[in-house]
Amino acid sequence: MDQSDNHVENKDPSLTQQVEKLHQLTVYGRWCFVGCLWLTVAPICLWNLRTEIALWQQYFTWVAVRYGLSAHLLSTMGLAFCIGMTAAVLVWQSRNILLGLPKQEQQRLEQQVFKIRQQGPTHPLWKWISH
């Protein structure tokens, strides 16, 4: 496929609409993943830190926080993962809103739409992007 073919396909309104729907599904999927992290991983990590949190409520110092988190490394990593994924999705979505989709991501979404179209109704995302 050369540049002119790609340019013609970009003017196809149904392709543009399907790419937008696929992008919207990607956004929802990322936020669902982050939500699931906060509903599963974060409570377990916070529960493991409950004695430290009680201590922080009584005598809050940054040193107490540092030692409490370093003593519970797995919980610290779990909370850091939740915070990191939330921040990553926020930055990603903010960039897309403010600057638009990067060309490379736009092309990736278009290729994915073509694959979904090729497979037809048997593809799990077919009914989401075709209607």
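Since the structure is predicted, the reported quantities are computational estimates derived from the model, not experimental observations.

### Description of helix H6 (residues 103-119)
Part 1 of the argument: With 17 residues, H6 should reach 24 Å at 1.5 Å per residue; the first-to-last C-alpha distance of 24 Å fits that figure.
Part 2 of the argument: Every buried residue of H6 is listed here: Glu-105, Leu-109, Glu-110, Val-113 and Ile-116. Projection of H6 onto a plane perpendicular to its axis shows the buried side chains occupying an angular sector of 140°, all on one side. Away from its buried face, by an angle of more than 90 degrees, H6 presents the exposed residues Lys-103, Gln-104, Gln-111, Lys-115 and Gln-118.
Part 3 of the argument: Two residues or fewer past H6, Gly-120 is found with a positive phi of approximately 80°.

### Description of the nonpolar core
Part 1 of the argument: Among the nonpolar cores identified, the biggest contains seven residues, and these are Leu-15, Val-19, Leu-22, Leu-109, Val-113, Ile-116 and Ile-129.
Part 2 of the argument: Where this core is concerned, the elements lending two or more residues are helix H2 (13-48) and H6.
Part 3 of the argument: Non-local contacts of Val-113, meaning those with residues more than four positions away in its chain, are made with Leu-15, Gln-18, Val-19, Leu-22 and Ile-129.
Part 4 of the argument: Core analysis: the second largest hydrophobic core is formed by six residues, Leu-37, Cys-45, Leu-49 and Cys-82 among them.

### Description of the side chain of Glu-52
Part 1 of the argument: Topologically, Glu-52 is positioned in helix H3 (residues 50-58).
Part 2 of the argument: Buried within the structure, Glu-52 lacks any salt-bridge partner; Arg-50 is the closest side chain of opposite charge, at an N-O distance of 10 Å.

### Points about the pattern of salt bridges
Part 1 of the argument: All chains considered together, the criterion is met by two salt bridges.
Part 2 of the argument: Residue Glu-105 pairs with Arg-108 through a salt bridge whose shortest N-O separation is 4.0 Å. Residue Glu-105 and its partner Arg-108 are both found in helix H6; the two are separated by three residues, about one turn of the helix.
Part 3 of the argument: By relative accessible area, Glu-105 is classed as buried at 12%.

### Some remarks on the packing of aromatic side chains
Part 1 of the argument: The final tally for this structure, using the stated rule, is one aromatic pair.
Part 2 of the argument: Ring plane angle 75° and centroid distance 5.0 Å describe the contact between Phe-60 and Trp-62, whose orientation is recorded as edge-to-face.
Part 3 of the argument: Judged by relative accessible area, Phe-60 falls into the partly exposed class, the value being 49%.
Part 4 of the argument: Residue placement shows Arg-30 over the ring face of Trp-92; its charged tip is 3.9 Å from the ring centre.
Part 5 of the argument: In this structure, Arg-66 is placed above the aromatic ring of Tyr-67, and the distance from its NZ or CZ to the ring centre is 5.4 Å.

Conventions used here
- Residues numbered from 1 in each chain as written.
- Predicted model: local features only at pLDDT ≥ 70, side-chain atom pairs only at ≥ 80, totals over all residues.
- Heavy atoms only, no water.
- Helix = DSSP H or I, 4+ residues; strand = E, 2+ residues; numbered from the N terminus.
- Expected span 1.5 Å × (residues − 1).
- Buried < 20%, exposed > 50% of the residue type's maximum accessible area, 1.4 Å probe, protein only.
- Arc of directions from axis to C-beta.
- Core = buried A, V, L, I, M, F, W, Y, C linked by side-chain atoms within 4.5 Å.
- Contact = heavy atoms within 4.5 Å.
- Lys, Arg positive; Asp, Glu negative; His and termini not counted.
- Salt bridge = Lys/Arg side-chain N within 4 Å of Asp/Glu carboxyl O.
- Phe/Tyr/Trp six-rings, centres within 6.5 Å; stacked < 30°, edge-to-face > 60°.
- Lys NZ or Arg CZ within 6 Å of the ring centre and 35° of its normal.

Function cannot be inferred from these measures alone, as they are strictly geometric.
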